[in-house]
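Survey of secondary and tertiary structure
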Amino acid sequence: MQNDVQEVLYSEQQIQDKVKEMGELISRDFEGRNPLVICVLKGAFIFMADLVKQITIPLEIDFMAVSSYGASTKSSGVVKIIKDLDISVEGRHVIIVEDIIDSGLTLSYLIDVLERRNAKSITVAALFDKPARRTVDLDADYKGYVIPDAFVVGYGLDYGEKYRNLPYVGILKPEVYSH
Ligand SMILES: O=P(O)(O)OC[C@H]1O[C@H](OP(=O)(O)OP(=O)(O)O)[C@H](O)[C@@H]1O
Ligand code: HPA
Ligand SMILES: [Mg+2]
């Protein structure tokens, strides 16, 4: 698994430091608002778990599964809801937790869905931002690291469902997906 990684971009420690910072900012900004923190499965599962441990105010959590990449390094352009939320977002301050914003299609779709369901406010926390690939103009309110135009894996991020369990984030060797 490690042999398929060309370069480690962020170590486990660097990610933990950043997640702690993000948690502190969210704790400060959402004091008294009991936010509904939404994990966008599957990619955000590790980030979500680490982030909520760094948030010190009361909150609720829920999960939504969406997918558009499948076994490819490019978005199919079609975002599918695979599992929907259990808790209603109506009148709630929601925080969408994403591992990565790449084309922006997943996030723009989710924001649209949550707006139509009358969330009171929608805030985005994304650990990684890959602006080079953006096709929809949007940004995260809380952002971890801005990364180069390369397909990355680890810390929840996959290629064809593999590599999610790497504790760090690295660039996948192009030969892994180019044949
Ligand atoms: O900005 P975008 O181009 O839409 O890319 C970002 C999305 O793509 C990945 O999900 P994916 O569809 O691979 O599902 P997964 O989380 O189950 O891996 C990632 O976890 C984000 O949700
Ligand atoms: O670079 C990426 N890696 C893994 N999954 C992704 N989904 C969008 N971009 C990426
Ligand atoms: Mg994926």
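Residues numbered from 1 in each chain as written. Chains lettered and ligands numbered in written order. Predicted model: local features only at pLDDT ≥ 70, side-chain atom pairs only at ≥ 80, totals over all residues. Heavy atoms only, no water.

Summed over the entire model, instances satisfying the criterion amount to 16 salt bridges. Close ionic contact of aspartate 112 with arginine 116 constitutes a salt bridge, the shortest N to O distance being 3.1 Å. Here aspartate 112 pairs with arginine 116, and both are found in helix 3 (residues 105–116), just four residues apart, close to one helical turn. Take aspartate 112: its relative accessible area is 34%, and that puts it in the partly exposed class. Of the charged contacts, one joins arginine 134 and aspartate 129 as a salt bridge, the two residues approaching to 2.6 Å between their closest N and O atoms. (Salt bridge = Lys/Arg side-chain N within 4 Å of Asp/Glu carboxyl O. Helix = DSSP H or I, 4+ residues; strand = E, 2+ residues; numbered from the N terminus. Buried < 20%, exposed > 50% of the residue type's maximum accessible area, 1.4 Å probe, protein only.)

We now examine the environment of aspartate 17. You can see aspartate 17 is positioned in helix 1 (residues 12–29). Distance from aspartate 17 to glycine 144, taken between C-alpha atoms, is 9.8 Å for residues 127 residues apart in sequence.

Residues in close proximity to ligand 1 total 18 residues, the closest being Ser68, Tyr69, Glu98, Ser103 and Thr106. Contact distances for ligand 1 include 2.9 Å between an oxygen atom and a side-chain N or O atom of aspartate 158. With the chains in place, 95% of the 500 Å² that ligand 1 exposes on its own is no longer accessible. Those elements giving two or more residues to the shell around ligand 1 turn out to be strand 3 (60–67), strand 5 (93–101) and helix 3. If one sorts the elements of the shell around ligand 1 by residue count, strand 5 sits on top with four residues. Split into classes, the residues belonging to the shell around ligand 1 amount to six nonpolar, six polar and six charged. (Near = heavy atom within 4 Å. Polar contact = N/O pair within 3.5 Å; in protein donor to acceptor, adjacent residues only side chain to side chain. Areas by Shrake-Rupley, 256 points an atom, 1.4 Å probe, with all protein chains shown as cover. Nonpolar A, V, L, I, M, F, W, Y, C, P; charged D, E, K, R; others polar.)

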